[in-house]
Amino acid sequence: MRVSVDQAIELLNDGQPVALPTETVYGLAAALKDEDAIDDIFRLKGRPRNNPLIVHVSNIEMLGGLADHIPDEAKVLIKKFWPGPLTLVLPANQKAVPDSVRAGLPTAAFRQPQHKGTLEIIKAVGPLVMPSANLSGRPSATAPEHVEEDFGTDFPIVDVDWATAGIESTVITWHHGRAVTLRHGAITAEELEEVLGYPLQHLGKPEEGATPMSPGCLFRHYAPKAKLHLKGNPKDYPAVIGFSDRLYPMTCRFFSLGNSQHPEEAAEGLYDTLRQLDQAHITEAWVDMDFPRHGLWLAIADRLHRASEA
Ligand code: TXA
Ligand code: MG
């Protein structure tokens with residue numbers, strides 16, 4: 001069910017989750033002040049309770065009341081990249097950010113999204129928690145139809161003809177005084193390094209038994225029902241996910257990620273392509289992973305790896 005910005009404000013104030021557009025993917029929003037609605041978000045998504053949520057703010061002043069400490073470097077990055085797809089994990093004001101949102105951690109994740117309507121909603125309702133608007137484990141939603149696929153046509157969605165970039169925000173934190181990435185995303189490592197002046201370490205999946213810095217890394221994610229094969233030979237599979245400027249001989253079904261020179265095209269269409277596989281009842285597909293491992297490609301490779309995990 002499509003709703004207006006004003007209706008979304010009413011629903012959220014009334015304790016009801018609403019799907020909202022952001023510049024990355026659609027989010028499933030609940031007011032930070034409403035613990036019951038936050039509980040509904042975990043339940044609706046089937047999200048493990050130990051995977052914390054991102055708190056979305058409308059400006060740095062709102063962040064001030066929720067974070068316990070904002071490193072100087074964080075302030076510089078915020079100035080450069082907010083509003084935008086950069087999420088900062090910072091020590092939380094534990095009274096202001098409920099335990100359930102942080103999954104019991106002393107930190108919380110924060111970002112200011114770029115979408116005008118969504119910012120209006122945050123200004124009116126206050127901070128919002130907003131995981132991606134998909135069932136846990138499924139490809140993220142980059143169109144209202146994807147939200148409907150996962151939550152039904154009656155679910156309220158703010159739809160304002162908005163093109164999403166298709167890849168979630170980059171998540172960073174500070175570790176031993178230096179910024180590190182926890183999730184590759186729409187802001188590239190190169191863009192961050194240019195501001196920071198040093199190379200960013202990526203703290204992804206931890207060694208077995210070690211405590212993860214980013215709980216989200218532990219779960220299978222972004223996956224269609226189809227099994228994705230990132231190695232081997234395309235001719236051995238009933239479908240290929242590849243690039244429009246390349247030829248894949250003897251392929252039965254071809255799903256395009258766009259031109260191999262344009263990572264933005266691949267990012268924008270990635271989750272829709274993964275969802276199309278299921279709509280076409282494809283059970284196995286080979287993925288062309290022959291692309292660079294820098295810039296936006298890094299996040300695309302990460303999502304495909306995670307989507308292929310059994
Ligand atoms: O682009 C995005 O970030 C989208 C839009 C809707 O804003 N949201 C999104 O949320 O991708 P979600 O819930 O799908 O992913 C949040 C990620 C997870 O990997 C989670 O583990 C991590 O952020 N995260 C949240 N709080 C954290 C914390 N305190 N410490 C470490 N990682 C945290
Ligand atoms: Mg997600």
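Residues numbered from 1 in each chain as written. Chains lettered and ligands numbered in written order. Predicted model: local features only at pLDDT ≥ 70, side-chain atom pairs only at ≥ 80, totals over all residues. Heavy atoms only, no water.

A. Summary view of the overall build of the protein chain. Along the backbone of the protein chain there are 10 helices and 15 strands. In terms of overall size, the protein chain behaves like a compact globule, its C-alpha atoms giving a radius of gyration of 19 Å where 310 residues would be expected to give roughly 19 Å. Reported as C-alpha extents along the three principal axes, the dimensions of the protein chain are approximately 60 × 45 × 35 Å. For the protein chain, the residues scored as buried account for 58% of the 310 residues in total. (Helix = DSSP H or I, 4+ residues; strand = E, 2+ residues; numbered from the N terminus. Rg over C-alpha atoms; globule rule 2.2 N^0.38 Å. Buried < 20%, exposed > 50% of the residue type's maximum accessible area, 1.4 Å probe, protein only.)

B. Structural context of the sheet that holds strand β12 (residues 227-229). Within the open sheet, the 4 strands sit side by side as β12-β15-β13-β14. Their pairing is parallel. Two strands bound the open sheet, and with one partner strand each, they are β12 and β14 (253-256). Averaged over all pairs of adjacent strands, the angle between their axes in this sheet comes to 30°, without regard to strand direction. By the bridge criterion, 3 bridges tie β12 to strand β15 (residues 284-287) in an arrangement that is parallel. Within β15, the position partnered with L228 by the bridge is A285. (Pairing = 2+ DSSP bridges. Axes fitted to C-alpha atoms, helices over the stretch in contact; angles between N-to-C directions.)

C. View of the pattern of salt bridges. In the structure shown here, the tally under the stated rule is 18 salt bridges. The partner of R246 in a salt bridge is D288, with the nearest N and O atoms 2.8 Å apart. Here R246, found in the loop between β13 (239-242) and β14, pairs with D288, found in the loop between β15 and α10 (296-308); they are 42 residues apart in sequence, far enough to count as distant. Among the residues examined, R246 registers a relative accessible area of 28% and is labelled partly exposed. A salt bridge links R303 to D302, with the shortest nitrogen-to-oxygen separation between them at 2.6 Å. Judged by its relative accessible area of 1%, R303 falls in the buried class. (Salt bridge = Lys/Arg side-chain N within 4 Å of Asp/Glu carboxyl O.)

D. The pairing of β13, seen in detail. Neither face of β13 is open: one carries A239 and I241, the other V240 and G242, and all of them are buried. Note that β13 and β14 share 4 bridges and pair parallel. Each residue of the ladder has a partner; that of G242, found in β14, is S256. Bridging between β13 and β15 involves 2 bridges; their strand directions are parallel.

E. The arrangement of the nonpolar core in detail. Counting 61 residues, the largest nonpolar core has F110 and I121 as its most contacted members. For this core, the leading source of residues is helix α1 (residues 5-13), giving 5 residues. In this structure, I121 is in contact with V5, A8, I9, L12, L20, G126, L128 and V158, ignoring residues within four places of it in sequence. Formed by 33 residues, the second largest nonpolar core is a distinct cluster that contains L228, Y237, I282 and L296. (Core = buried A, V, L, I, M, F, W, Y, C linked by side-chain atoms within 4.5 Å. Contact = heavy atoms within 4.5 Å.)

F. Representation of the packing of helix α7 (residues 144-151) against helix α9 (residues 263-279). Orientation of α7 relative to α9, taken along the N-to-C sense of each, is 50°, at an axis distance of 11 Å. As summarised for this structure, α7 and α9 are arranged oblique, according to the angle between their axes. Between α7 and α9 the crossing geometry is left-handed. Contacts between α7 and α9 pair H146, E149 and D150 from the former with D272, R275 and Q279 from the latter. For the contact of α7 with α9, a count of residues per class yields no nonpolar, 2 polar and 4 charged. (Parallel < 35°, antiparallel > 145°, perpendicular 65-115°, else oblique. Left-handed = near helix turned anticlockwise from the far one by under 90°. Nonpolar A, V, L, I, M, F, W, Y, C, P; charged D, E, K, R; others polar.)

These figures come from the coordinates and say nothing about function on their own.
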